[in-house]
Number of protein chains: 4
Amino acid sequence: MRQFSEERDWLQFHDPKSLILALVGEVGELAELFQWVPSDKAKQRASKMPLQARAAEEISDVLLYLVRLADELDINLVEAANRKLDDSQKRFSIEQFRSKAPGSSVLDDEVE
Amino acid sequence: MRQFSEERDWLQFHDPKSLILALVGEVGELAELFQWVPSDKAKQRASKMPLQARAAEEISDVLLYLVRLADELDINLVEAANRKLDDSQKRFSIEQFRSKAPGSSVLDDEVE
Amino acid sequence: MRQFSEERDWLQFHDPKSLILALVGEVGELAELFQWVPSDKAKQRASKMPLQARAAEEISDVLLYLVRLADELDINLVEAANRKLDDSQKRFSIEQFRSKAPGSSVLDDEVE
Amino acid sequence: MRQFSEERDWLQFHDPKSLILALVGEVGELAELFQWVPSDKAKQRASKMPLQARAAEEISDVLLYLVRLADELDINLVEAANRKLDDSQKRFSIEQFRSKAPGSSVLDDEVE
């Protein structure tokens, strides 16, 4: 992505806020693909064309801008993500969080 | 991410639309970090604490949900992203797009 | 929102790109509220506390930044939205689009 | 929006999570309009065509889905937003927050 952008002299556009807006644009395209698909059919629809190819493209676009942003900010993305996952493993103990999405008290039917 | 989610029995929550919403949540946290930072100071501020660590965390969270989503949809993320980058290299020729962000006619000062 | 921001001397932060990032942050918080709620229970959960109050707050935050952005760009939001709705009424004729979400060919089970 | 959607029998698609994804899609289109515009020229560019019309359209789309979502959740949007603004006026006192964006300690140059 850095080389691709350099060759086109596009690095001048890649300040962090602009890259985040570009990322938001791609996330928006991904959301549009799935917005009206019934929840319980989304996975199956995405296993077939045309959604399969379109989803792969939009997810890729999100990744490419994320990689470009991490590069611009001198963040080693793989290291940072592994560290975050390690943290989450400690923070959300298996015993305490089994079958409970974090923050799911909000979701609890009984809660008044 | 798959193993982490499996161990907590969280895969039940990971239908595609829910994962995209989780991704949106993390992109929102990333946006919040930078929203009021002046554009021309964002990169420099992100090279120092505390923004450096916070940005690395939020970018990681976006990646982790993106990886989980790709896995759920049986998309090989690295292959798909390389394919997308190859396509972009053909679509945006160096000659034609040098110094021009795609879609930049909208940005053109002269345009009426 | 303009007066509120002026009194705190915050208008200096409100260039369009920053306001869009702030909007993204609030949309992210809204998404987080619903991400792990089962699709078919979301409406009912949102009719009760605590989700009812939380959803109202986050939807309000999105509106407040949207109003601030429209104001900053000298857009009459109510007029613009009515115009857009009129356009959509012409573009999506009742006969042709009944029960079909726009772009739903992507969703079509039969499509190969 | 309710009548528009009812006439096309689209209310069936409008569960809260789907509407939030649709909102995300429109916010993405808004972000794309501004992503490569230099921060300090964004307001001026948006005062002229073609960006002026395009921005008004995308901001309207965001509002229309937000209104539809509030309606679906039985939230009185105007009341809720006024309440939120009142809360913010108390929470962010003029004296304490003058010229300081909330959360701006992250932005502070001196912070180590």
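Here the structure is shown first, and the text comes after it.
Residues numbered from 1 in each chain as written. Chains lettered and ligands numbered in written order. Predicted model: local features only at pLDDT ≥ 70, side-chain atom pairs only at ≥ 80, totals over all residues. Heavy atoms only, no water.

With that settled, consider the interface of chain B and chain C. Taken together, the contact between chain B and chain C spans 17 residues of the former and 17 residues of the latter. Both faces combined, the contact of chain B with chain C buries some 1,400 Å², and carbon together with sulfur accounts for 65% of it. Per-residue buried area on chain B facing chain C is highest for L21, Q35 and W36 of chain B; these three make up 39% of the total on that side. Taken together, chain B and chain C are joined by zero salt bridges. (Contact = heavy atoms within 4.5 Å. Buried area = accessible area lost by both parts, 1.4 Å probe. Salt bridge = Lys/Arg side-chain N within 4 Å of Asp/Glu carboxyl O.)

So, on to the interface of chain A and chain B. With 55 residues of chain A at the interface, the matching set in chain B holds 56 residues. Between chain A and chain B the total buried area reaches about 5,000 Å² when both faces are included, carbon and sulfur atoms providing 72% of it. Counting every contact that joins chain A to chain B gives four salt bridges. Across the pair K84 of chain A and D61 of chain B runs a salt bridge whose closest N-O atoms are separated by 2.7 Å. Taken together, chain A and chain B are joined by 26 residue pairs in polar contact (both at pLDDT 80 or more). (Polar contact = N/O pair within 3.5 Å; in protein donor to acceptor, adjacent residues only side chain to side chain.)

Under the definition given, this model contains 20 aromatic pairs over all chains. The interplanar angle of 50° and the centroid separation of 6.3 Å between the aromatic rings of F13 of chain A and W36 of chain D together place this pair among those described as tilted. A residue pair is termed interchain when its members come from two chains, as with F13 of chain A in the loop between α1 (2–7) and α2 (16–34) and W36 of chain D in the loop between α2 (16–34) and α3 (42–45). A residue is classified by how much of its surface remains accessible, and F13 of chain A, at 16% relative accessible area, is buried. Aromatic side chains Y65 of chain A and W36 of chain D sit 6.1 Å apart centroid to centroid with 45° between the ring planes, which places their arrangement in the tilted category. With Y65 of chain A in helix α4 (residues 51–72) and W36 of chain D in the loop between α2 and α3, this pair bridges two chains. In this structure, Y65 of chain A and W36 of chain D share a single accessibility class: buried. Among the aromatic residues, those joined into a ring-pair cluster are F4 and W10 of chain A together with F92 and F97 of chain B. (Phe/Tyr/Trp six-rings, centres within 6.5 Å; stacked < 30°, edge-to-face > 60°. Helix = DSSP H or I, 4+ residues; strand = E, 2+ residues; numbered from the N terminus. Buried < 20%, exposed > 50% of the residue type's maximum accessible area, 1.4 Å probe, protein only.)

Another point: the environment of Q12 of chain A. Relative to the elements of secondary structure, Q12 of chain A occurs in the loop between α1 and α2. Separated by 10 residues in sequence, Q12 of chain A and R2 of chain A have C-alpha atoms that sit 12 Å apart.

Rotating chain A by 180° and translating it 0.0 Å along the rotation axis places it on chain B, where the RMSD comes to 0.0 Å. Viewed as a symmetry operation, the transformation between the two copies matches a two-fold axis. The C-alpha atom lying nearest the rotation axis in chain A is that of L63 of chain A; the distance is 3.7 Å. In this assembly the copies share their binding face: 100% of the residues contributing to the interface of chain A also contribute to that of chain B. (Least-squares fit on C-alpha atoms with pLDDT ≥ 70 in both.)

Structural remark: α-helix, 3.6 residues per turn; residues separated by three or four positions point the same way. When the terminal C-alpha atoms of α2 of chain A are compared, their 28 Å separation across 19 residues agrees well with the 27 Å that a helix rising 1.5 Å per residue should span. Among the 19 residues of α2 of chain A, 17 are classified as buried, and the element is accordingly described as predominantly covered. (Expected span 1.5 Å × (residues − 1).)

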